[in-house]
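# Geometric and topological summary
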Amino acid sequence: MSAPRFAINGAKGRMGQATARVLEAAGHNIAARFDKGDTFDLSGADIVIDFSTPEATLHLAQACAAEGERRGAPIVQVIGATGFTSEQEAALMPFAEKVILLKSGNYSLGVNMMIGLLKQASARLSAEDWDIEVTEAHHRRKVDAPSGTALMLGAAAAEGRGVDLAEVKVAARDGITGARRAGDIGFSVIRGGGIVGEHSVLFASEDELITFSHSARDRTLFARGAIQAGLWGRNQVPGLYDMQDVLGF
Ligand SMILES: NC(=O)C1=CN([C@@H]2O[C@H](COP(=O)(O)OP(=O)(O)OC[C@H]3O[C@@H](n4cnc5c(N)ncnc54)[C@H](OP(=O)(O)O)[C@@H]3O)[C@@H](O)[C@H]2O)C=CC1
Ligand SMILES: O=C(O)C1=N[C@H](C(=O)O)C[C@H](O)C1
């Protein structure tokens, strides 16, 4: 297989710049860099690392599908953006027929390890006795909440209990909320300064507390994972994959 040619969407953003640094340090070819207002010319690229916005991701998926058809070989689009509405998630699905889509709220090894552990824990700790609370903290410029990672962790905990997160999610508490309902999964959000990404999931019973936590110290961590996902994607057929697939978890 020939050397991979990368493109970056959201190239001037924090993650776009981190991705460029990692690619350049590894000697990879960056064939194109896109930002707001640019036309997606994908003719020189095989793998697009996309840390932009949900809207931009959908436009890019359309361009990847068209370019893949034109050349008779699918493009890999690694989606890092978070904050998709359910309508945007649904709108992305048809592109999985033509594009090798990888999508994850977090491309770190640690968070993806934690997902498996949470499924195990929540399957064993009964909803009657154990309350689950997800807490996340990020930098002051983050625009979506709860974070994509927090939602993934909450979804993993819900899956372990055999329920849909949408049925048990409590994203905010304020005022006279009433007592906690058994089985709910609560989310708390902190925004401040330059925090790269902190996530914790608390299991609380009357007598014991168990906490799973992950701390990201540098955003090149996410860039490295996204590039790993892109290289893995080159050997796949069109479809929708996540970082669990890449890592074989
Ligand atoms: N999955 C993961 O592991 C990780 C995911 N993320 C997610 O990645 C996303 C980006 O994060 P971050 O880099 O910090 O954010 P930034 O705001 O720094 O970067 C986003 C970039 O996308 C650009 N952009 C906006 N609209 C378009 C468009 N239509 N076409 C192309 N580019 C566009 C922005 O340009 P402008 O500023 O001009 O609007 C900006 O340069 C967020 O959703 C974040 O939650 C972040 C880290 C890890
Ligand atoms: O916006 C960020 O910075 C991050 N976003 C992702 C998320 O929403 O979970 C991943 C990481 O925590 C950093």
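Residues numbered from 1 in each chain as written. Chains lettered and ligands numbered in written order. Predicted model: local features only at pLDDT ≥ 70, side-chain atom pairs only at ≥ 80, totals over all residues.

Moving on to the overall build of the protein. Helix and strand counts for the protein stand at eight helices and eleven strands. When its C-alpha atoms are laid out on the principal axes, the protein stretches across 60 × 35 × 30 Å. Burial analysis of the protein (249 residues in total) assigns 41% to the buried set. In the protein, the share of contacts with a sequence separation of at least 24, taken over all contacts with a separation of at least 6, comes to 74%. (Helix = DSSP H or I, 4+ residues; strand = E, 2+ residues; numbered from the N terminus. Buried ≥ 20, exposed ≤ 12 C-beta atoms within 10 Å, placed from the backbone. Contact = placed C-beta atoms within 7 Å.)

This part covers the pairing of strand S8 (residues 185-191). As defined by bridge partners, strand S6 (residues 131-138) adjoins S8 across seven bridges and the pair is classed as parallel. Paired with Ile132 across the bridge in S8 is Ile185. With two bridges connecting them, strand S7 (residues 169-170) and S8 associate as parallel partners. Note that in S8 the partner of Val170 across the bridge is Gly186. (Pairing = 2+ DSSP bridges.)

The next subject is the domain arrangement of the protein. Split by domain assignment, the protein resolves into domain 1 (5-103 + 220-247) and domain 2 (109-216). Domain 1 and domain 2 are separated by 28 Å when their C-alpha centres are compared. For the side of domain 1 that touches domain 2, the secondary structure elements donating two or more residues are helix H7 (220-233) and helix H8 (243-247). Its residues placed into classes, the side of domain 1 that touches domain 2 shows three nonpolar, four polar and no charged. (Domains from an automatic or database assignment. Nonpolar A, V, L, I, M, F, W, Y, C, P; charged D, E, K, R; others polar.)

Every residue close to ligand 2 is listed here: Thr82, Gly105, Asn106, His138, Lys142, Ser147, Gly148, Thr149 and Gly197. In terms of residue class, the shell around ligand 2 is built from no nonpolar, eight polar and one charged. (Near = placed C-beta within 6 Å.)

According to UniProt, the positions carrying the feature "domain: Dihydrodipicolinate reductase C-terminal" (unreviewed entry) are residues 110-247. Note that residues 110-247 is 37% helix and 26% strand, and that its end C-alpha atoms are spaced 11 Å apart. (UniProt positions renumbered as here; feature names shortened; annotations may be inferred.)

Turning to helix H5 (residues 148-160), a few remarks are in order. Taking 1.5 Å as the rise per residue, H5 with 13 residues should run 18 Å; its terminal C-alpha atoms sit 19 Å apart, in good agreement. A large share of H5 lies buried, amounting to ten of its 13 residues. Burial in H5 covers these residues: Thr149, Ala150, Leu151, Met152, Leu153, Gly154, Ala156, Ala157, Ala158 and Gly160. Of the surrounding elements, those touching the buried residues of H5 are helix H4 (109-124), S6, helix H6 (165-168), S7, S8 and strand S9 (197-204). (Expected span 1.5 Å × (residues − 1).)

It is worth spelling out the sheet that holds strand S11 (residues 239-241) at this point. Paired through their backbone hydrogen bonds, the strands of a sheet run either parallel or antiparallel. Spatial strand order, S2-S1-S3-S4-S5-S11: six strands in an open sheet with parallel pairing. Among the strands making up the open sheet, the edge pair consists of strand S2 (29-34) and S11. On average, each strand axis in the sheet is tilted by 20° relative to the strand beside it, whichever way the strands run. (Axes fitted to C-alpha atoms, helices over the stretch in contact; angles between N-to-C directions.)

This part covers the confidence of the model for the protein. Put simply, the protein has an average pLDDT of 98, and 100% of its residues get 70 or more. The ipTM for the predicted assembly is 0.99, set against a pTM of 0.97. (pLDDT = per-residue confidence, 0-100.)

The next thing to look at is the nonpolar core. If you look at the biggest cluster of nonpolar residues, it comprises 42 residues, and the most contacted ones within it are Leu42, Val48, Ile49, Cys64, Val78, Val99 and Ala226. Within the residue set of this core, elements represented by two or more residues are strand S1 (5-9), helix H1 (14-25), strand S3 (47-50), helix H2 (54-71), strand S4 (76-79), strand S5 (100-103), H7 and H8. In contact with Val99, not counting residues within four places along its chain, are Ala61, Cys64, Ala65, Gly68, Pro74, Ile75, Gln77 and Pro238. Core analysis: the second largest hydrophobic core is formed by 19 residues, Leu118, Leu151, Ile185 and Phe187 among them. (Core = buried A, V, L, I, M, F, W, Y, C linked by C-beta atoms within 7 Å.)

What follows deals with the site of ligand 1. Lining the immediate surroundings of ligand 1 are 25 residues, of which Gly10, Gly13, Met15, Ala56 and Phe222 lie closest. At three residues, H1 tops the list of elements feeding residues into the shell around ligand 1. Its residues assigned to classes, the shell around ligand 1 comprises seven nonpolar, 13 polar and five charged.

So, about the sheet that holds S8. An order of S7-S8-S6-S9-S10 is seen for the five strands of this open sheet, with the pairing classed as mixed. The sheet is open, and its two edges are formed by S7 and strand S10 (209-216), each paired on a single side. The pairing of S6 with S9 spans seven bridges and is antiparallel. Residue pairing for S9: Thr135 is matched across the bridge by Ser200. Packed onto the sheet, H4 meets S6, S9 and S10 and runs at close to 165° relative to S10.

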